[in-house]
Amino acid sequence: MQVVSVEQMRAIEKEADERGVSFAEMMERAGRGVAEVVVSEYGDEDWRVVTALVGSGNNGGDALVALETLARSGWTAQAYLVRPRDEKDPLLERARTAGVLVMAAAQDKKLHGLQEWLENSNVLLDGVLGTGIQLPLKEEIAAILKYVSEAETVPHVVAIDCPSGVDCNTGEAAAETIPAELTLCMQAVKQGLLRFPAFEKVGELRVVNLELPEKLASLKKIDEFMVDGEQVAGYLPERPMTAHKGTFGTLMIAAGSTYYIGAPLLAARGAYRMGVGLVRLAVAAPLQASLAGQFPEATWLLLPDEMGMIAEGGAEVLRKNLSRVTAFLVGPGLGAEETTASFIKNLLTSAETPHQAPSFGFLTSQEEGEVESGESPKLPPLVMDADGLRLMARVDGWPELLPPGSVLTPHPGEMSALTGLEVAEIQANRQEVACKFAKKWKTTVILKGALTVIAAEDGRAYIIPVASAALAKAGSGDVLAGIVAGLLAQGRPALEAAVAGAWIHAQAGLEAADQLGGTAPVLASDVIEAIPRVLWALRFE
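In this report, the structure presented in the accompanying data block is examined. Throughout, residues of each chain are indexed from 1 in the direction in which the sequence is written. Given that the model is predicted, a residue must reach a pLDDT of at least 70 before its local features are reported, and side-chain atom pairs must reach 80 or more before they are shown or counted; all residues, however, enter totals for whole chains, interfaces and linings. Each side-chain value is worked out from all heavy atoms of the structure, with water and hydrogens disregarded.

## What to know about the overall build of the chain
- Secondary structure elements are taken from DSSP: a helix is a run of H or I of four residues or more, a strand is a run of E of two residues or more, and numbering for both begins at the N terminus. When its secondary structure is counted, the chain shows 21 helices and 21 strands.
- Counting only C-alpha atoms and orienting by the principal axes, one finds that the chain spans roughly 85 × 45 × 45 Å.
- Buried, partly exposed and exposed residues are distinguished by accessible area as a fraction of the type maximum, computed with a 1.4 Å probe on protein chains only: under 20%, between the cut-offs, and over 50%, respectively. Out of the 541 residues in the chain, the part that is buried amounts to 57%.
- Residue contacts follow a heavy-atom distance rule, with two residues in contact if any of their heavy atoms lie within 4.5 Å. The long-range share in the chain, meaning contacts at least 24 apart out of those at least 6 apart in sequence, stands at 70%.

Set out below in structure tokens:
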């Protein structure tokens, strides 16, 4: 879904009007689109009564068209005029003719009429204010919005384009804003809705397609997008019946330390749940005994260690075992010891050497014979995560050392280590920072956190519309890294793997919280177990 500023939306509407879709026709399409969603979502409930809070502008016009459409399809429809509209307003006249009941706030001083309508409605349309508002709200509007927000009985709230009281550019929100269950954006999501505190008010975001003319120049300039399931479904690898494990790639994971034994396990399970054919765990030798019994699906490459940390010499061993690896994940749980820092540096900077059998480590019987004579292969597409990012930041010229098609997965603290910016500055400008450095580093960046940002090296940005405490748990990032790397190993391009992986991870967190009855009990392993349900919904719903 495209994401636009208020100014971009105005340019789109102006160009569409010039191309033959008038502003009046756009309003008709918007109102009918709202009505269709209301019928689809709430038409099967025991009663069908819809009340709209109607403003004096275009959002109020959209609401009146929606009420007229619903009234003609058998709904009881009621228009509460928060702001006066001209009595000869054709939209108001049409609504009355269709049987819509109309009440003006000016004649309902104590709001008793509004209270009665709220109590007998199952749907409330918020059509008071749109994209052109200025905060703070006018007193009379604020009073009505506050009354509804605090009412004991509030129907399903559907906001038209944006909840009234939200600044659609900055994401600021008036305290009186009515929280929506659904926000139906016209043609594109407004950028402020994907920022806090506005995001806390919008509920589920959807787009009403206004069927504007194709190839509008103003639409081509948009470089920000909100990710949805339809987009992600198109990024999933095919699963042919004739496949074998090689069809779905081999992922090497270099992770873990004596301090973080579970990190490689979580990453590997996340990757396997995404369908990768084979996962090889490259770990410090002492870790293997603890992990092997928990993970029979893995194959192993044991690396030299110092006190349970991957040692400097692990880079040479790894490079000699990459001949059939299609993606490489490095970083979860590595720790920050100097020998591991040297391992990361050597992994990125070592010159290719003649391929010899590894002097340390071993392959399972099914993998024997994969190491052949010849030149050591270059690094495959790389996902660098967690401790690996902090250690990589200490390597001079690291962006030039990344293999093509790589993905970086920093949280704000790790992004600070990579960029030198303060965390507060990053958090205040998440999208701008992610895009700036993705272009500078010429790689895909996943800036994790509430409303995760995926930035492409060409300047495009993709926002995951999820913010949930379910994912605020140790190991969650390891799972995300495994999911993304699993997609990369199956041949998906870096941007597609990052976008799909981040969306699936977020949805799995929501699914796990739903299954467990709240966000607090969710563990990273619960997120992994929820992945199949998310994938099933993508493929079959």
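Here the narrative resumes.
## Quick look at unusual backbone geometry
- The linkage connecting Leu-135 with the following residue, Pro-136, adopts the cis geometry, with an omega of 0 degrees.
- Looking at where Pro-136 falls in the secondary structure, it is placed in the loop between strand 5 (123-127) and helix 6 (139-150).
- In the segment running from Phe-196 into Pro-197, the intervening peptide bond is cis, with an omega of 5 degrees.
- You will see that Asp-161, though not glycine, has its phi angle at about 75 degrees, which is positive.
- Position of Asp-161 among the secondary structure elements: in the loop between strand 6 (156-160) and strand 7 (182-186).
- At Lys-442, a residue that is not glycine, the phi angle is positive and equals roughly 55 degrees.
- Position of Lys-442 relative to the elements: it lies in the loop between helix 18 (430-441) and strand 19 (444-447).
- A relative accessible area of 63% means that Lys-442 is categorised as exposed.

## Structural notes on helix 6
- A helix is expected to reach a length of 1.5 Å times the quantity of its residues less one. The terminal C-alpha atoms of helix 6 lie 16 Å apart, and with 12 residues this matches the ideal 16 Å at 1.5 Å per residue to within 8%.
- Where helix 6 is buried, its residues meet strand 2 (49-54), strand 3 (76-81), helix 5 (112-120) and strand 5.

## Side note on helix 2 (residues 23-42)
- Between the first and last C-alpha of helix 2 there are 28 Å, a value that for 20 residues agrees with the 28 Å anticipated at 1.5 Å per step.
- Taken residue by residue, helix 2 has Met-26, Met-27, Glu-28, Ala-30, Gly-31, Gly-33, Val-34, Ala-35, Val-37, Val-38 and Tyr-42 as its buried positions.

## Details of the sheet that holds strand 6
- Following DSSP output, two strands are said to pair if at least two bridges run between them. If you walk across this open sheet you meet the 7 strands as 4-3-2-5-6-7-9, and the pairing is parallel. Unpaired on one side and paired on the other, strand 4 (101-104) and strand 9 (204-208) mark the two borders of the sheet. For this sheet the average axis-to-axis angle between neighbouring strands, irrespective of direction, equals 20 degrees.
- Of the pairings in the sheet, the one linking strand 2 to strand 5 comprises 5 bridges and is parallel in character. Each residue of the ladder has a partner; that of Val-54, found in strand 5, is Gly-127. The axes are straight lines fitted to the C-alpha atoms, using for helices just the contacting stretch, and the angles between their N-to-C directions are given from 0 to 180°.

## Let's talk about the environment of Val-232
- Assignment of secondary structure puts Val-232 in helix 9 (residues 229-233).
- Each C-alpha atom of the pair Val-232 and His-505 lies 12 Å from the other, and the pair is 273 residues apart in sequence.
- Beyond its immediate chain neighbours, meaning those up to four positions away, Val-232 contacts Val-227, Ala-500, Trp-503, Ile-504 and Leu-538.

## Describing the environment of Ser-468
- Structurally, the position occupied by Ser-468 is in the loop between strand 21 (461-463) and helix 19 (476-489).
- Dropping the residues within four chain positions of it, Ser-468 is found in contact with Leu-510 and Thr-519.
- The definition of a polar contact used here is a pair of N or O atoms within 3.5 Å, where within protein one atom must be able to donate a hydrogen and the other to accept one, and adjacent residues in sequence count solely through side-chain atom pairs. Side-chain polar atoms of Ser-468 contact the backbone nitrogen of Ala-470, separated by 3.1 Å.

## Brief notes about the state of the cysteines
- Cysteine sulfur atoms that pair up within 2.5 Å are treated as a disulfide. Tallied over the full model, the rule gives 0 disulfides.
- Its sulfur unpaired, Cys-162 is 3.3 Å from the next cysteine sulfur, which belongs to Cys-168.
- By relative accessible area, which is 0% here, Cys-162 ends up buried.
- A disulfide-free cysteine, Cys-185 has its sulfur positioned 7.6 Å from the sulfur of Cys-168, the nearest such atom.
- Accessibility expressed as a relative area gives 0% for Cys-185, which makes it buried.

## Describing the sheet that holds strand 21
- The 10 strands are arranged 10-21-20-19-18-17-16-11-12-13 in an open sheet whose pairing can be described as mixed. Edge strands, defined here as strands with exactly one partner in the open sheet, are strand 10 (224-226) and strand 13 (299-303). Strand after strand, the sheet turns through a mean of 15 degrees between neighbouring axes, direction not considered.
- In this sheet, strand 17 (residues 382-385) lies alongside strand 16 (residues 327-330) in parallel orientation, the contact comprising 3 bridges. Across the sheet, the residue bridging to Leu-329 is Val-383, located in strand 17.

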